[in-house]
Amino acid sequence: MAAAGQTPSDNPSAYIVHHLTNHTIGEGFWSLNLDTLFFSILTGVFFLWVFMKVARQATSGVPGRLQAFVEMIVEFVDDSVKGIVHHKESQKFVAPLALTIFMWVWLMNALDFLPVDLLPAAAHASGVAEYLKVVPTADLNTTFGLAIGVLFLMIYYSVKIKGLGGFVHELFTAPFGSNPLLWIPNLLLNVIELLAKPVSLAMRLFGNMYAGELVFLLIALLGAGWFVSMGLGSTIGFLAQVLFGAGWAIFHILIVTLQAFIFMMLTIVYIGMAHEHH
C-alpha cells in the first residue's frame, strides 16, 4: 500500500518505496528500525524455543520427524566446522555459533515467503505503524551487524591463537616478507583484506534478500497495474500474480537456504583462516 486508501496501481513507485521503508524511531545515527529488531528477535527466540524443545524431548529410540530434522542439521554443521576449524577447543564455540547463524539467517530470510501486503496492511489498519519492512536481512543494519560480529571473532581468534605480538607481526610481514620496506604495503593489504571480508559477507546477504523482496513487490504490482492497463481485467492479473508468485517463491526457497548456508560457511572459513599462521 502506498498510502492510506491508495492502491498499488495508483502509484507503483510509492507502493514499492513504502514496502521497502522501515518503521523507524529517532534520527540519523541514533535511529532504530523497530521492525527489523522485532522480527529478528522473534525469529531468534523461535529458533531457540524449537531447538530447546527438541533437546529436552530427545529420545535414543526412533526419533520423530522434528528430532530427525534437527539432528541432521546439527550433524551437518558439526561436520562442516570440523573440516575447516581443526582447533579442538575452538570447535566447541564455533559449531554452536555456525548452527545459530545458519538457522537464524534462514528463518529471517524465510519471512520473505509471507504475502508482501499481509503484515504491512495489518500494521497500517491497526494503527501500529505506517511503514513495516518484514524481512530483517533486507536491512543493511542486520547483515552488517552480523558481519561485524564475525570480524570481531576473526580478530579475537587471531590474537588468541597467535598471541598479540604474533598477530601484529603477521600484519606487517605477510604476505611479502619481513623487509622493513614492505611493512606498510603488507599492513595496507592485510587491513583491506580484513575489512573486505565482513563487507562482502554483509553485502552479499543483503543484496540477494533485498532483490528477492523487490521481485515479490513487482509481481504484486502485476495484477494491480499492467493487466488492468491492458484491458485484460483484474482476474487475469490475479491469476498471473498467483502463477508468477508461486514460481518465484519456489525458486526463492533455494536462494533463502543458499544464502544462509553461504553466510554460515564463510563465517567458518574466516574463523578457520584466523587460526592459520602465515
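Structure shown above.
Nothing here was measured: the structure is a model prediction, and the numbers come from that model.

Trainee: I would appreciate a short explanation of the overall build of the protein chain in the present structure.
Mentor: When its secondary structure is counted, the protein chain shows 8 helices and 2 strands. Element order for the protein chain, N to C, with α for helix and β for strand: α-β-β-α-α-α-α-α-α-α. Counting across all 278 residues of the protein chain, residues that qualify as buried make up 40%. Put simply, 70% of the contacts in the protein chain that link residues at least 6 apart link residues at least 24 apart. When the accessible surface of the protein chain is summed, it comes to about 15200 Å², and 73% of that surface belongs to carbon and sulfur atoms.

Trainee: Is there a simple way to explain the packing of helix α3 (residues 65-84) against helix α4 (residues 88-110) in this structure?
Mentor: For any two helices packed against each other, the geometry is given by the interaxial angle and the distance between the axes. Between α3 and α4, whose axes approach to 9 Å, the crossing angle comes to 130°. Between α3 and α4, the interaxial angle falls into the category oblique. The crossing of α3 and α4 is right-handed. Touching Ile73, Val74, Val77, Asp78, Val81 and Lys82 of α3 are Gln91, Val94, Ala95, Ala98, Leu99, Phe102 and Met103, all from α4. A breakdown of the residues in the contact of α3 with α4 according to their chemical character gives 10 nonpolar, 1 polar and 2 charged.

Quick notes on the rules
The residue numbers shown here count from 1 along each chain, following its written sequence. Per-residue local features of the predicted model are confined to residues with pLDDT of at least 70, and side-chain atom pairs are confined, for both listing and counting, to 80 or more; whole-chain, interface and lining totals are unaffected and use all residues. To get the side-chain values, all heavy atoms of the structure are used, and hydrogens and water are removed first. Secondary structure elements follow DSSP: runs of H or I no shorter than four residues count as helices, runs of E no shorter than two count as strands, and numbering proceeds from the N terminus. Categorising residues by exposure relies on relative accessible area from a 1.4 Å probe, with only protein chains included: less than 20% of the type maximum marks a residue as buried, more than 50% marks it as exposed, and the intermediate range marks it as partly exposed. In this analysis, two residues are considered to be in contact whenever any of their non-hydrogen atoms come within 4.5 Å of each other. Methods summary: accessible areas were calculated by the Shrake-Rupley approach with a probe of 1.4 Å, and residue burial reflects only the protein chains presented. Convention adopted: a line fitted to C-alpha atoms gives each axis, helices being fitted over their contacting stretch, and angles between N-to-C directions are expressed from 0 to 180 degrees. Note on angle classes: values under 35 degrees are labelled roughly parallel, values over 145 roughly antiparallel, values of 65 to 115 roughly perpendicular, and the remainder oblique. Here is the rule for handedness: rotate from the far helix to the near one, and if that takes an anticlockwise turn smaller than a right angle the crossing is left-handed, while a clockwise turn gives right-handed. Each residue gets one of three labels, nonpolar for Ala, Val, Leu, Ile, Met, Phe, Trp, Tyr, Cys and Pro, charged for Asp, Glu, Lys and Arg, and polar for the others, Gly among them.

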